[in-house]
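# Examining the three-dimensional arrangement
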Amino acid sequence: VENTRVQLIVRNAALEAAARSLLLGLGFAEPPPDSPLLDLPGALQLADEAAWVGFVRDALPRLEAAGWQVEIEGDYRYHLAEVDDWYAELDEEGEGGQAWFALELGIVVNGQRHALLPLLLKMIRAAPQEFDPVVLATRADEGDLVIELDDETRVAVTWGRIKPILVTLGELYFSERMGSRVRLPVMDAARLAELERAAHLRWMGGERLRALGRKLSDFDGIRPVELPVGLQADLRPYQRSGLAWLQFLREYEFGGILADDMGLGKTIQALAHILVEKEAGRLDRPALVVAPTSLMPNWQAEAARFTPGL
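Anyway, here's the lowdown on the structure attached to this text. (Residues numbered from 1 in each chain as written. Predicted model: local features only at pLDDT ≥ 70, side-chain atom pairs only at ≥ 80, totals over all residues. Heavy atoms only, no water.)

Below, the discussion takes up the overall build of the protein chain. Along the protein chain, the regular secondary structure elements total 10 helices and 8 strands. A globule of 310 residues ought to have a C-alpha radius of gyration of about 19 Å, yet the protein chain, at 32 Å, is considerably larger. Expressed along its principal axes, the backbone C-alpha trace of the protein chain runs to roughly 115 × 35 × 35 Å. The proportion of buried residues among the 310 residues of the protein chain is 36%. Taking the contacts inside the protein chain whose residues are at least 6 apart along the sequence as the reference set, 59% of them involve residues at least 24 apart. Considering the protein chain, the positive charge centre built from 32 side chains and the negative charge centre built from 48 side chains are found 7 Å apart. (Helix = DSSP H or I, 4+ residues; strand = E, 2+ residues; numbered from the N terminus. Rg over C-alpha atoms; globule rule 2.2 N^0.38 Å. Buried < 20%, exposed > 50% of the residue type's maximum accessible area, 1.4 Å probe, protein only. Contact = heavy atoms within 4.5 Å. Lys, Arg positive; Asp, Glu negative; His and termini not counted. Charge placed at Lys NZ, Arg CZ, Asp CG, Glu CD.)

This is the structure in structure tokens:
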């Protein structure tokens, strides 16, 4: 009764049957015997989250374009926003002589950046079994993961974009100290190359770090080094290996230790390394040797004898 008048609505059984048939063709089905939907005559449901995401993305726009009137309640889980972009931001930092970098991974939705790491960490803690490495490996790349952002907006992202992040960062996701960024030592830069290859992100900053990461990722062993022209000696095989080791450390920007028994020629290996740097034009400032006073005559004598160019 509306305004004291009675409205009589005549249902169109044929049209309703056609609509129901269309929905069944889109994957909807009768609810199971234990479903609360049985209290709603004519109710249909989809099988799982993936089916709902697919329906919202593909079928729902087609129904609306065909003239269907679709009403969506405010708390509907699959009312999804679109992801405009994926990004990775790198910041280099140093602390106590150690080299570190901070990595933020995120998505852009409705013009706003959202850091992914804390959102994924929250989901992992809520349902760790869903992110177990064995389970993760079975996820189809085209399947969807629904993520709720901090502003309660929901987005669906494919496992193909998420799995490389989870696999590459691995145990770091479970760090209590992780905020919107994860902090890693520079020696972990190879993880960046893995993300570059698999995660398809727009990178901001950290060009030097990313180049280092690619070198580390492609590393296939320490290469032999040509002896410097000005070296007045022929190094033994193990001394050549020591020189190659020092050059490897320089190329990859690492610190390191050349350890050997006394008397086996660490001084001449270090001098040869310094001479390689000078002849390559990289030694643009003095090299400092810190050693006990008693060793200074030996360093001076070996430098004069084997590397007079220094």
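What follows deals with the pattern of salt bridges. Inspection of the entire model under this criterion finds 24 salt bridges. With a shortest N-O distance of 3.8 Å, Glu-251 and Lys-215 are connected by a salt bridge. Of this pair, Glu-251 sits in helix 8 (residues 237-251) while Lys-215 sits in helix 7 (residues 207-217), and the two are 36 residues apart along the sequence. Glu-251 sits in the partly exposed class, given a relative accessible area of 23%. Each of Glu-89, Asp-91, Glu-104, Arg-113 and Arg-181 takes part in a single network of salt bridges with overlapping partners. (Salt bridge = Lys/Arg side-chain N within 4 Å of Asp/Glu carboxyl O.)

The next thing to look at is the packing of helix 8 against helix 9 (residues 266-279). The interhelical angle for the contact between helix 8 and helix 9, taken along N-to-C directions, is 50 degrees, at an axis separation of 9 Å. Taken together, the axes of helix 8 and helix 9 lie oblique to each other. Helix-helix and strand crossings are classified by hand; for helix 8 and helix 9 the assignment is right-handed. Between helix 8 and helix 9, the residues in contact are Tyr-238, Gln-239, Gly-242, Leu-243, Leu-246, Gln-247 and Arg-250 and Ile-268, Gln-269, Ala-270, Ala-272, His-273, Val-276 and Glu-277, respectively. Tallied by class, residues from the contact of helix 8 with helix 9 come to 7 nonpolar, 5 polar and 2 charged. (Axes fitted to C-alpha atoms, helices over the stretch in contact; angles between N-to-C directions. Parallel < 35°, antiparallel > 145°, perpendicular 65-115°, else oblique. Left-handed = near helix turned anticlockwise from the far one by under 90°. Nonpolar A, V, L, I, M, F, W, Y, C, P; charged D, E, K, R; others polar.)

The subject of this paragraph is the packing of helix 5 (residues 159-169) against helix 6 (residues 190-198). Where helix 5 meets helix 6, the closest approach of the two axes is 10 Å, and the angle between their N-to-C directions is 170 degrees. Taken together, the axes of helix 5 and helix 6 lie roughly antiparallel to each other. Where helix 5 approaches helix 6, its residues Gly-160, Pro-164, Ile-165, Thr-168 and Leu-169 are matched on the opposing element by Arg-191, Glu-194, Leu-195 and Ala-198. Its residues assigned to classes, the contact of helix 5 with helix 6 shows 5 nonpolar, 2 polar and 2 charged.

Here the focus is the sheet that holds strand 6 (residues 154-158). The strand order across the open sheet formed by 3 strands is 1-6-5, and the pairing between neighbours is mixed. Lying at the two open borders of the sheet, with one neighbouring strand each, are strand 1 (80-81) and strand 5 (144-148). The pairing of strand 1 with strand 6 spans 2 bridges and is parallel. Note that in strand 6 the partner of Leu-80 across the bridge is Arg-154. (Pairing = 2+ DSSP bridges.)

Attention now goes to the environment of Trp-245. Summarising the element assignment, Trp-245 is placed in helix 8. For the pair Trp-245 and His-273, spaced 28 residues apart in sequence, the C-alpha separation works out to 9.5 Å.

Turning our eyes to something else, we now look at helix 5. In terms of burial, helix 5 is largely enclosed, as 8 of its 11 residues are buried. Gly-170 lies just past helix 5 and shows a positive phi near 50 degrees.

The description of an aromatic ring pair uses the distance of the two centres, along with the angle that the planes make with each other. Applying the stated criterion across every chain, the model contains 13 aromatic pairs. When the ring of Phe-219 is compared with that of Tyr-252, the centres are 5.6 Å apart and the planes differ by 85 degrees; the resulting orientation is edge-to-face. Of this pair, Phe-219 sits in the loop between helix 7 and helix 8 while Tyr-252 sits in the loop between helix 8 and helix 9, and the two are 33 residues apart along the sequence. Through pairs of rings, three or more aromatic residues link up here, namely Phe-28, Trp-52, Phe-55, Tyr-76 and Tyr-78. Directly above the ring of Trp-100 sits Arg-183, whose terminal nitrogen or CZ lies 4.2 Å from the centroid. Here the guanidinium or amino end of Lys-215 rests over the ring plane of Tyr-252, the centre of that ring lying 4.9 Å away. (Phe/Tyr/Trp six-rings, centres within 6.5 Å; stacked < 30°, edge-to-face > 60°. Lys NZ or Arg CZ within 6 Å of the ring centre and 35° of its normal.)

To continue, consider the pairing of strand 6. Most of strand 6 is tucked away: 4 of the 5 residues are buried. For strand 5 and strand 6, the ladder comprises 5 bridges, and the chain directions are antiparallel. Looking at strand 6, one finds that Leu-145 is bridged to Val-157.

Counting 43 residues, the largest nonpolar core has Leu-103, Leu-105, Leu-145, Ile-147, Ile-162 and Ile-165 as the members making the most contacts within it. A per-element tally of this core places helix 3 (residues 116-126) first, with 6 residues. Within the second largest apolar cluster, 15 residues are counted, among which are Trp-52, Phe-55, Leu-60 and Tyr-78. (Core = buried A, V, L, I, M, F, W, Y, C linked by side-chain atoms within 4.5 Å.)

Here the focus is the side chain of Glu-89. Of note, Glu-89 is situated in strand 2 (residues 83-95). At a separation of 2.9 Å, a polar atom in the side chain of Glu-89 contacts the side chain of Arg-181. (Polar contact = N/O pair within 3.5 Å; in protein donor to acceptor, adjacent residues only side chain to side chain.)

Without other data, these values stay purely geometric and don't point to any function.
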